Amino acid sequence: MGENRTGLLDGLPPWPEVDHAAFGPVERRPLSRVQQLTGGFLARNWVAIPHVTHNDEADVTALEAARTSWNRDHPDRKLTLLVPLIKAVAAALAAHPQFNASIENGGKALIFKKYVHIGVAVDTPGGLFVPVIRDCDRKPVTEIAAELSTLSERARTKGLPMADMSGGCFTVTSLGHIGGTTFTPIINAPEVAILGLTRLIDRPAPGEGGAVIWRRMLPLSLSYDHRVINGADAARFTRHVANTLMAAPEFS
């Protein structure tokens, strides 16, 4: 577990020392440097931050139709669902500034940021990287898509310098390409919230004349720091994101 320099684990029993080979064959594989660093940060954040997760769904039926049409007409500039989601988060941060804040070291004040830089978790063979896309509130979806593609590819092949992973206000993490229905993402301190996405779900809904229509729903899992954000704040923020996605914005 490493040194307990913050005192967060005071009073807890030590990590168990077990000779696993005594019970059968084993293989030891050292963690990469990125995995070791990430693991330490995640452990600190989970212990130090009172996490609560709020779950909701966004109706992205119209958005998915618009995105499919765009991708068909622009095969060289295709958009993933993550890109309009980033724009929706940027709009929600502007409307709910407590989500675009950080607790000052010492816990006596909040720092409200006047910029909107959003981190995106990228799974790589070497571990988890979180490149930060800056000024998402001022960039069109096509520019965000290009930056996200470049940073993600660089993270998977060469790694990223700390400059490309610093200064984030809020993080988005997606498991939609794999599956799942909901999960609890761990907040990336000093941020105060993180939004997780899982696979789209087709749900029946009532239509005209008693007909049944099918809607495409995107599950949203918002983990938030309960020292800064309460349940009503979380519900309003997630609804803001969902309503923005439902509006199916124009792509440019």
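None of these values were measured; they are calculated from a predicted model. Along every chain, residues carry numbers that run from 1 in the direction the sequence is written. The model is predicted, so local features are restricted to residues of pLDDT at least 70 and side-chain atom pairs to those at 80 or more, both for listing and for counting; the totals for chains, interfaces and linings are taken over all residues. Water and hydrogen atoms were dropped before computing side-chain values, which therefore reflect all heavy atoms in the structure.

1. So, the overall build of the protein
What the protein contains, in helices and strands, is 5 helices and 11 strands. Principal axes of the C-alpha set define a box for the protein whose edges measure 65 × 50 × 40 Å. A total of 252 residues make up the protein; the buried ones form 38% of that total. Should any heavy atoms of two residues lie within 4.5 Å, those residues are considered in contact. Partitioning the intrachain contacts of the protein with sequence separation of at least 6 by distance along the chain shows that 63% fall at a separation of at least 24. Throughout, the Shrake-Rupley method with a 1.4 Å probe supplies accessible areas, and for residues the shown protein chains are the sole cover considered. For the protein, the exposed area adds up to about 14500 Å²; of that, 56% sits on carbon and sulfur atoms. In the protein, 26 side chains carry a positive charge and 25 a negative one; their mean positions are 3 Å apart. Think of it this way: any DSSP run of H or I at least four residues long counts as a helix, any run of E at least two long counts as a strand, and we number them from the N terminus. Burial status follows relative accessibility: with a 1.4 Å probe on protein chains alone, a residue under 20% of its type maximum counts as buried, one over 50% as exposed, and anything between as partly exposed. The positive count covers Lys and Arg only, the negative count covers Asp and Glu only, and His and the chain ends enter neither. We put the charge of a Lys on NZ, of an Arg on CZ, of an Asp on CG and of a Glu on CD.

2. Some points on the nonpolar core
If you look at the biggest cluster of nonpolar residues, it comprises 48 residues, and the most contacted ones within it are V89 and V241. For this core, the elements supplying multiple residues, two or more each, are α2 (61-73), α3 (82-95), β4 (118-120), α4 (141-157), β8 (170-174), β9 (193-197), β11 (212-225) and α5 (231-246). Among the elements that take part in this core, α3 stands out by supplying 9 residues, more than any other. Contact partners of V241, with chain neighbours within four places excluded, come to L85, A88, V89, A92, L195 and L220. The criterion is simple. A nonpolar core is a set of buried Ala, Val, Leu, Ile, Met, Phe, Trp, Tyr and Cys residues joined through side-chain atoms within 4.5 Å.

3. Side note on α3
Between its first and last C-alpha, α3 extends 20 Å over 14 residues, near the 20 Å set by a 1.5 Å rise per residue. Counting buried positions along α3 yields 10 of 14 residues, so the element is predominantly enclosed. Of the residues making up α3, those classed as buried are L82, V83, P84, L85, I86, A88, V89, A90, A92 and L93. In a helix, the anticipated span is given by 1.5 Å times the number of residues less one.

4. Concerning the UniProt feature "domain: 2-oxoacid dehydrogenase acyltransferase catalytic" (unreviewed entry) in the protein
UniProt positions are given in the numbering used here, feature names are shortened, and annotations may be inferred rather than shown by experiment. The feature "domain: 2-oxoacid dehydrogenase acyltransferase catalytic" (unreviewed entry), as given by UniProt, occupies residues 26-246 in the numbering adopted here. For residues 26-246, the end-to-end C-alpha separation is 50 Å, with 34% helix and 25% strand making up the annotated structure.

5. Quick word on the packing of α3 against α5
Between α3 and α5, the shortest axis-to-axis distance is 9 Å and the interhelical angle comes to 135°. If you check the angle between α3 and α5, you find them oblique. In this structure, the crossing between α3 and α5 has a hand that is right-handed. When α3 is examined against α5, the residues P84, L85, A88, V89, A91, A92, L93 and A95 are found in contact with a partner set consisting of F237, H240, V241, T244 and L245. Residue polarity follows a fixed list, in which Ala, Val, Leu, Ile, Met, Phe, Trp, Tyr, Cys and Pro are nonpolar, Asp, Glu, Lys and Arg are charged, and the others, Gly among them, are polar. A breakdown of the residues in the contact of α3 with α5 according to their chemical character gives 11 nonpolar, 2 polar and no charged. Between N-to-C directions, angles cover 0 to 180 degrees, with each direction set by a line fitted to C-alpha atoms, over the stretch in contact for helices. Here the angle decides the label: under 35 degrees means roughly parallel, over 145 means roughly antiparallel, 65 to 115 means roughly perpendicular, and every other value means oblique. Note on convention: near helix rotated counterclockwise from far helix by under a right angle means a left-handed crossing. Clockwise means right-handed.

6. A word on unusual backbone geometry
Cis peptide bonds are those with omega within 30 degrees of zero, and the linkage from A189 to P190 qualifies with 10°. Mapped onto the elements of the fold, P190 is located in the loop between β8 and β9. Located in the positive-phi region is D135, a residue other than glycine, with phi close to 55°. Locating D135 in the fold gives a position in the loop between β7 (132-133) and α4.

7. Here's the deal with the pattern of salt bridges
A carboxyl oxygen of Asp or Glu within 4 Å of a side-chain nitrogen of Lys or Arg is what we treat as a salt bridge. Overall, the coordinates contain 11 salt bridges when judged by the stated rule. A salt bridge links E27 to R29, with the shortest nitrogen-to-oxygen separation between them at 3.1 Å. Using a relative accessible area of 65% as the deciding quantity, one classes R29 as exposed.

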